[in-house]
Amino acid sequence: MSAIAGILVTAMVAPALAVTGIATNNSIGMFENLPSNIRPDVLAQKSEIYATGSDGSPVLLASVFDQNREEVSWDQISPFVKDAVVSVEDPRFYTHGGVDIISATRAAAQSAAGGDGPGASTISMQYVRNILIQKTEEIQDEAERKKAFDDATKTTVDRKLKDMKLAIGLEKEFTKDQILLGYLNMSNFVVTLYGIEAAAQYYYGVSAANVSLAQATSLVAMVNEPNGLRIDQAEAPEKITENQARRDVNILPAMLKEHKITQAQFDEAIATPVTPNIVQPSTGCKTANDNIGAGFFCDYVSYIVKNDAAFGDSAEARWQKFRTGGYQIFTTLDLDLQTAAINSMNSNVPQLTDRLDLGSSMVTVQPGTGRVLAMVQNKTFNDDPETTQPNETSLNLGTDYAFGGSTGFPSGSTYKVFTLADWLKTGHSINEQVNGNVRTFNLATFKNRCEGAGGGPYKSANDGGSTPGSMSVVQATAQSVNNAFIGMAQKLDMCDITETAMSFGMHRADGTPMQQNVSGVLGTNEVAPLTVAAAYAGIAANGLYCEPKAIDRIVDATGADVPIPATSCSQAVDPNVAAAMGQAMAAVVNGGTGGAARPGDGIPLIGKTGTTDGEKHVWFAGASTTLATAIWVGNIVGDVSVRYTSVPDYGNVADMRFSTWREYMAQANSKFPGGSFPTPNSSLTAAPQVAVPAVQGKTIAEAQSLIEAAGFTFQDGGATDNEAPAGSAAGSVPAAGENATKGATVTVYTSNGLLKPVPNVAGLELGAAAKAIQNAGFKYSASTQTQVTDANCNNKVALGSTPAGGSFANPASTSVALVVCKKP
């Protein structure tokens with residue numbers, strides 16, 4: 001066969017050999033020395049991303065591909081397709097050994113006569129060429145790839161010889177059916193459309209197994225001229241006409257000649273016009289926008305693949321592998337929740353407004369698993385810069401920079417819950433008293449074992465300028481009182497607070513280290529809504545934090561499971577601490593600052609509001625026992641106050657977080673109804689009573705130290721009349737020895753030293769008594785005497801005085817009166 005093929009090829013290309021001076025025997029020798037082995041690589045196939053539908057079954061979100069191909073088996077292709085290809089391309093396919101001697105002889109004769117005529121390429125030879133072209137696409141270097149492609153597609157003598165030799169070798173390793181199947185799965189049907197299955201679905205909206213004879217032959221008509229005979233361009237109807245002409249003039253008659261169809265089938269197909277039913281493939285994450293706004297989640301999944309080293313050495317290599325590998329990625333996205341979320345977002349937050357560069361993102365995470373169930377924002381996903389409209393973006397406002405390009409937003413008071421967590425971890429109670437009043441703090445008094453203490457004054461306002469005074473931690477959480485939490489942090493360690501937050505997965509969206517300054521207690525670190533939602537899911541899951549998980553399963557083109565990107569769960573805080581956190585956070589939605597977010601369906605909820613400096617951004621993060629959802633609304637770029645900005649037909653911008661969260665969670669709760677949160681034990685809820693220490697006579701600094709060491713909040717009450725030395729502590733309210741709630745404010749007064757002891761004059765003669773009073777510096781007047789009637793008394797002697805002897809009074813303002821006896 002090889003010798004005969006060599007001779008025939010020599011005859012076919014005789015004119016070329018004559019020009020080049022290559023002898024016939026050289027041609028045969030060259031043929032014998034050519035490589036004879038070729039194997040098809042794994043075909044590039046589209047990868048698909050799935051969400052979960054209402055019934056739990058996978059629903060396609062999007063497909064991504066370099067080549068839109070779905071490889072199918074022999075039984076999944078209609079006999080009409082297989083018979084049409086063989087009849088028109090290679091009628092003796094099942095009888096030759098890779099090179100059709102008859103066709104080659106005819107081509108050689110025509111070549112010798114100087115004509116063109118039909119070629120001698122068999123299906124096996126065409127398959128060889130397709131394999132070689134496919135292999136070029138795996139070459140990363142562009143110049144090398146182009147050179148390899150040109151070599152595979154050139155029509156030179158040596159190229160034809162190689163194709164023949166490789167076709168002969170191919171048929172030694174594969175059956176005819178395997179070769180034909182590979183050919184049909186590999187063939188190009190225009191640009192990125194490859195394989196008979198994808199072609200049938202695109203051009204006619206049916207599978208390759210179910211195409212009619214008319215449809216099958218129309219598809220086969222495109223195999224050797226996909227662009228010229230494509231039928232998907234309404235602006236080029238002549239191509240449909242030409243496609244039908246090839247079908248009717250070449251392919252159907254060939255099938256009839258080869259007895260693959262009957263005359264009746266032929267007549268019916270000829271009478272059927274080529275009528276395409278174009279079904280656009282689900283291409284890229286833009287297609288995941290349709291009705292459910294899932295483009296950003298789809299893009300997030302793509303970044304997970306790009307960032308996972310298991311898929312390759314670089315982001316480019318990983319994504320290339322994904323686009324061509326035929327993977328099926330089954331994600332965590334719940335279409336019911338996603339639909340409810342995007343509907344609520346669209347109803348409550350405009351995509352565009354001339355008032356500010358408005359952005360919003362809302363994300364739901366499942367407590368106990370970390371599964372991301374919904375992700376929406378007030379923009380439409382579009383990653384094509386040439387077609388992006390003002391309401392569209394590829395910037396994912398819900399994720400970190402590495403997973404969508406956003407650097408995050410200050411978390412505001414949603415971050416206070418981590419100071420609360422550390423407060424409880426160190427043994428404090430949610431019912432301890434804290435001082436919520438605005439005051440100036442000394443930064444040197446804040447501990448930080450990681451970075452060291454700072455210095456200088458620090459003062460922060462309370463929202464709305466409130467001065468709540470002493471309040472419980474529950475009340476401080478419910479009302480989001482800044483100074484109460486700064487005061488709590490002063491009793492803790494800033495590094496511990498940060499590490500507690502990090503144990504719940506909190507991190508900056510830009511990837512830089514968390515800032516640990518005192519203002520960070522109020523939420524100055526820029527974070528992503530996904531990060532906040534996952535952290536709150538950890539609180540709702542009894543302190544079990546799970547890293548966000550967007551992929552449940554990956555299957556490769558062979559149906560084998562592929563390891564998914566690893567996520568893990570860890571206990572961030574003790575369950576009792578989480579329960580106490582939940583009790584305080586429940587007060588936020590039950591009468592606190594987050595009450596407007598409560599759906600009113602009776603499902604127990606916890607939550608926390610957040611507002612940043614200048615009201616540039618607002619948050620609400622909340623959870624049931626089954627769902628945790630965080631929403632951010634604010635300036636994408638700019639510093640417009642959302643509190644004092646309204647949008648026609650939508651209302652106040654700051655309130656959009658509440659209406660969006662409320663409407664969405666009302667529907668989400670109906671599918672995932674939460675239960676009751678655990679009740680913490682009394683160790684973290686009791687209001688501990690502590691005896692107030694005695695401070696009279698101490699220096700004010702000593703008194704403050706004693707008060708704070710006992711767990712109280714010290715407050716200076718100013719000067720007061722007292723017998724203690726001037727400048728020392730006069731006493732306190734509550735008084736020494738009285739029991740008060742730990743953390744309560746104890747007011748200490750400074751003595752002015754003006755109180756003196758009243759002399760004891762009982763038993764002294766009246767004159768001596770009066771003199772003793774005056775000598776002590778007190779005023780005395782006989783007219784102020786108090787008389788006591790007693791028949792047996794001595795009216796010459798004082799019975800006592802008012803104020804009584806031994807008591808303290810201010811001589812400058814106190815007149816002492818004698819108590820004397822009067823006989824009846």
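First, a word on scope: everything that follows refers to the structure included in this document. Quick caveat, the model's predicted, so the values are computed rather than measured.

1. Details of the nonpolar core
Where a protein is soluble and globular, its nonpolar side chains tend to be buried together.
Piece 1. Among the nonpolar cores identified, the biggest contains 98 residues, and L61, F297, L424, M506, Y536 and M581 are the most heavily contacted of them.
Piece 2. Looking at which element gives the most residues to this core, the answer is helix α21 (residues 529-540), with nine residues.
Piece 3. Sequence-distant contacts of M506, defined by excluding residues within four places in its chain, comprise Y415, F418, A501, M514, V527, T531, V532 and A535.
Piece 4. Of all hydrophobic cores here, the second largest spans 59 residues; its members include V81, L132, A152 and Y183.

2. Some remarks on the state of the cysteines
Piece 1. Within the structure shown, the criterion is met by three disulfides.
Piece 2. A sulfur-sulfur distance of 2.0 Å marks the disulfide that ties C285 to C298. Taking the sign of the S-S torsion, about -70° here, the bridge from C285 to C298 comes out left-handed. Taken together, the positions of C285 in the loop between α13 (263-270) and α14 (295-307) and C298 in helix α14 put the pair 13 residues apart, joining distant regions of the chain.

3. As for helix α17 (residues 416-425)
Side chains of residues three or four places apart in an α-helix project in the same direction, reflecting 3.6 residues per turn.
Piece 1. Counted residue by residue, α17 has nine buried out of 10 residues, so it is predominantly covered.
Piece 2. Among all positions in α17, only K416, V417, F418, T419, L420, A421, D422, W423 and L424 are buried.
Piece 3. Within two residues after α17, G427 carries a phi angle of roughly 95°, on the positive side.

4. Observations regarding the sheet that holds strand β27 (residues 729-733)
Piece 1. The mixed open sheet is built from three strands, whose spatial order is β26-β29-β27. A strand with exactly one partner marks an edge of an open sheet, and here the two such strands are β26 (713-720) and β27. Averaged over all pairs of adjacent strands, the angle between strand axes in this sheet comes to 25°, irrespective of strand direction.
Piece 2. Two strands pair when backbone bridges link them, and β27 and strand β29 (residues 745-751) are joined in this way by four bridges, in the antiparallel orientation. The residue bridging G731 from the neighbouring strand is Y749, located in β29.

5. Thoughts on the side chain of N382
Piece 1. Relative to the helices and strands, N382 is located in the loop between β8 (380-381) and β9 (392-393).
Piece 2. Residue classification places N382 among the buried residues on the basis of a relative accessible area of 6%.
Piece 3. A polar atom in the side chain of N382 sits 2.9 Å from the backbone nitrogen of D384.
Piece 4. With sequence-adjacent residues up to four places away left out, N382 is seen in contact with K286, T387, T388, E392, T393 and S394.

6. As for the packing of aromatic side chains
For any pair of aromatic rings, the description rests on two quantities: the centre-to-centre distance and the angle between the ring planes.
Piece 1. Scanning the model with the defined rule gives 15 aromatic pairs in all.
Piece 2. Where F311 meets Y327, the ring centres are 6.1 Å apart and the plane angle is 80°; that geometry is what we call edge-to-face. Residue F311 is found in the loop between α14 and α15 (315-324), and its partner Y327 is found in the loop between α15 and β5 (328-334); the two are separated by 16 residues along the sequence.
Piece 3. Ring-pair connections join several aromatic residues into one group, and the members of that group are F311, W319, F322 and Y327.
Piece 4. Positioned above the aromatic ring of Y303 is the side chain of K306, whose terminal nitrogen or guanidinium carbon lies 4.7 Å from the ring centre.

7. Here's the deal with the pairing of strand β21 (residues 617-623)
Piece 1. Here β21 lies mainly inside the structure; seven of its seven residues are buried.
Piece 2. For strand β20 (residues 606-611) and β21, the ladder comprises six bridges, and the chain directions are antiparallel. Counted as the bridge partner of K608 is A621 from β21.
Piece 3. Joining the antiparallel neighbours β20 and β21 is a turn of five residues, in which G614 adopts a positive phi near 70°.
Piece 4. Bridge count for β21 against strand β22 (residues 628-635) is seven bridges, and the pairing is antiparallel. By the bridge assignment, A621 is partnered in β22 with A630.

8. Overview of the packing of helix α6 (residues 123-136) against helix α7 (residues 142-153)
Piece 1. Where α6 meets α7, the axes come as close as 9 Å, and the angle between the chain directions of the two elements is 175°. In terms of their interaxial angle, α6 and α7 are classed as roughly antiparallel. Contacts between α6 and α7 involve R129, L132, I133 and T136 on the former and, on the latter, R145, A148, F149, A152 and T153.

What counts, and at which threshold
Residues numbered from 1 in each chain as written. Predicted model: local features only at pLDDT ≥ 70, side-chain atom pairs only at ≥ 80, totals over all residues. Heavy atoms only, no water. Core = buried A, V, L, I, M, F, W, Y, C linked by side-chain atoms within 4.5 Å. Buried < 20%, exposed > 50% of the residue type's maximum accessible area, 1.4 Å probe, protein only. Helix = DSSP H or I, 4+ residues; strand = E, 2+ residues; numbered from the N terminus. Contact = heavy atoms within 4.5 Å. Disulfide = S-S within 2.5 Å. Pairing = 2+ DSSP bridges. Axes fitted to C-alpha atoms, helices over the stretch in contact; angles between N-to-C directions. Polar contact = N/O pair within 3.5 Å; in protein donor to acceptor, adjacent residues only side chain to side chain. Phe/Tyr/Trp six-rings, centres within 6.5 Å; stacked < 30°, edge-to-face > 60°. Lys NZ or Arg CZ within 6 Å of the ring centre and 35° of its normal. Parallel < 35°, antiparallel > 145°, perpendicular 65-115°, else oblique.

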